[in-house]
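# Understanding the architecture of this molecule
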Amino acid sequence: RVKNNVYSVPPRLMGHVLQVRVYDAEVDFYYAGELVQRRRRIVGNRQFDIDYRHIIWSLVRKPGAMERYLYRECLFPTLTFRQAYEVLQEDKPGIKGDAEYLRVLHFAASTLETEVEVALRLLLEAGVLPNVVHVRELTGTAVQKPPGMAKPQIDLSDFDALLTGGAS
């Protein structure tokens, strides 16, 4: 809280004391003397500036918390994300729809939000369920299996030569 307003910070700073410098148009957050975040200053009282990227990591583990989350509107970065959420709620009402939407939002926070938004828009226009699997396919970042690797052949004769003093 800064000047009766709420700002989010990256989760790695949770529980740490930050130094805050308030200017006319922005607020700077410092940890251990280093600038860790700069946000636009909120004018007024009891308002909030929550970045979904700061909280998505904990919400994706507890999808039931989304329903009563105080800053829930901050979880919709654009209208397209809101529309995708509503479509997912129609398909899977309640916590299952919330969980699927949070996975999409988590993917957006982990990659590029703009690419995810374009994928969601295309899925919505095509009438396809905008779940994380379809979004990954459209963005070209579908989950891939790691390539197979041959078991390495280890020749221990060089080590034996070292132990016996035969190495040059």
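This report concerns the structure included in the present document. Values in this document were obtained by computation on a predicted structure and should not be read as measured data.

### Details of helix α5 (residues 132–139)
Within the span of α5, buried status applies to V132, V135 and T139. Relative to the axis of α5, the buried residues are bounded by an arc of 60° and lie together on one face. Next to the buried residues of α5 lie α3 (95–110) and α4 (113–126). Following α5 by one or two positions, G140 adopts a phi angle in the positive range, close to 80°.

### A look at the pairing of strand β4 (residues 34–40)
Regular strands have side chains that alternate between both faces of the sheet. Sheet topology note: the strand β3 (residues 26–31)/β4 ladder contains 6 bridges and is antiparallel. Bridging from a neighbouring strand, Y30 pairs with L35 of β4. Adjacent in sequence and paired antiparallel, β3 and β4 are bridged by 2 residues, among which A32 carries a positive phi angle near 55°.

### Observations regarding the layout of surface pockets
Which parts of space are left empty comes out when a probe the size of a water molecule is rolled across the atoms. Its volume calculated, the largest pocket comes out at about 440 Å³. Taken together, 22 residues make up the lining of the largest pocket; nearest its centre are Y7, S8, V9, P10 and M14. The set of elements that each furnish at least two residues to the lining of the largest pocket consists of β1 (6–7) and α1 (52–59). Broken down by element, the residue count for the lining of the largest pocket peaks at 4 residues, all from α1. Looking at the lining of the largest pocket residue by residue, the class counts come to 16 nonpolar, 5 polar and 1 charged.

### Focus on the environment of E26
For E26, the location among the structural elements is in strand β3. Relative accessible area serves as the criterion here: at 29%, E26 is assigned to the partly exposed category. When residues no more than four places from it in sequence are discounted, the contact partners of E26 are R21, R38, R39, R40 and R41. Within the local environment of E26, its side chain forms a polar contact with the side chain of R38, the two groups lying 3.3 Å apart.

### Remarks on the environment of C74
Checked against the element boundaries, C74 lands in the loop between α1 and α2 (79–91). Note on C74: relative accessible area 17%, which makes it buried. With 23 residues separating them along the chain, C74 and D51 place their C-alpha atoms 6.9 Å apart. Those residues within four positions of C74 in sequence are excluded, and the remaining contacts are F48, I50 and Y52.

Definitions and limits used
Residues numbered from 1 in each chain as written. Predicted model: local features only at pLDDT ≥ 70, side-chain atom pairs only at ≥ 80, totals over all residues. Heavy atoms only, no water. Buried < 20%, exposed > 50% of the residue type's maximum accessible area, 1.4 Å probe, protein only. Helix = DSSP H or I, 4+ residues; strand = E, 2+ residues; numbered from the N terminus. Arc of directions from axis to C-beta. Contact = heavy atoms within 4.5 Å. Pairing = 2+ DSSP bridges. 1 Å grid on protein atoms, 1.4 Å probe; cavity = no way out; pocket = protein on both sides within 12 Å on 5 of 7 lines; lining within 4 Å. Points joined across faces, edges and corners; volume = space filled by probe spheres on them. Nonpolar A, V, L, I, M, F, W, Y, C, P; charged D, E, K, R; others polar. Polar contact = N/O pair within 3.5 Å; in protein donor to acceptor, adjacent residues only side chain to side chain.

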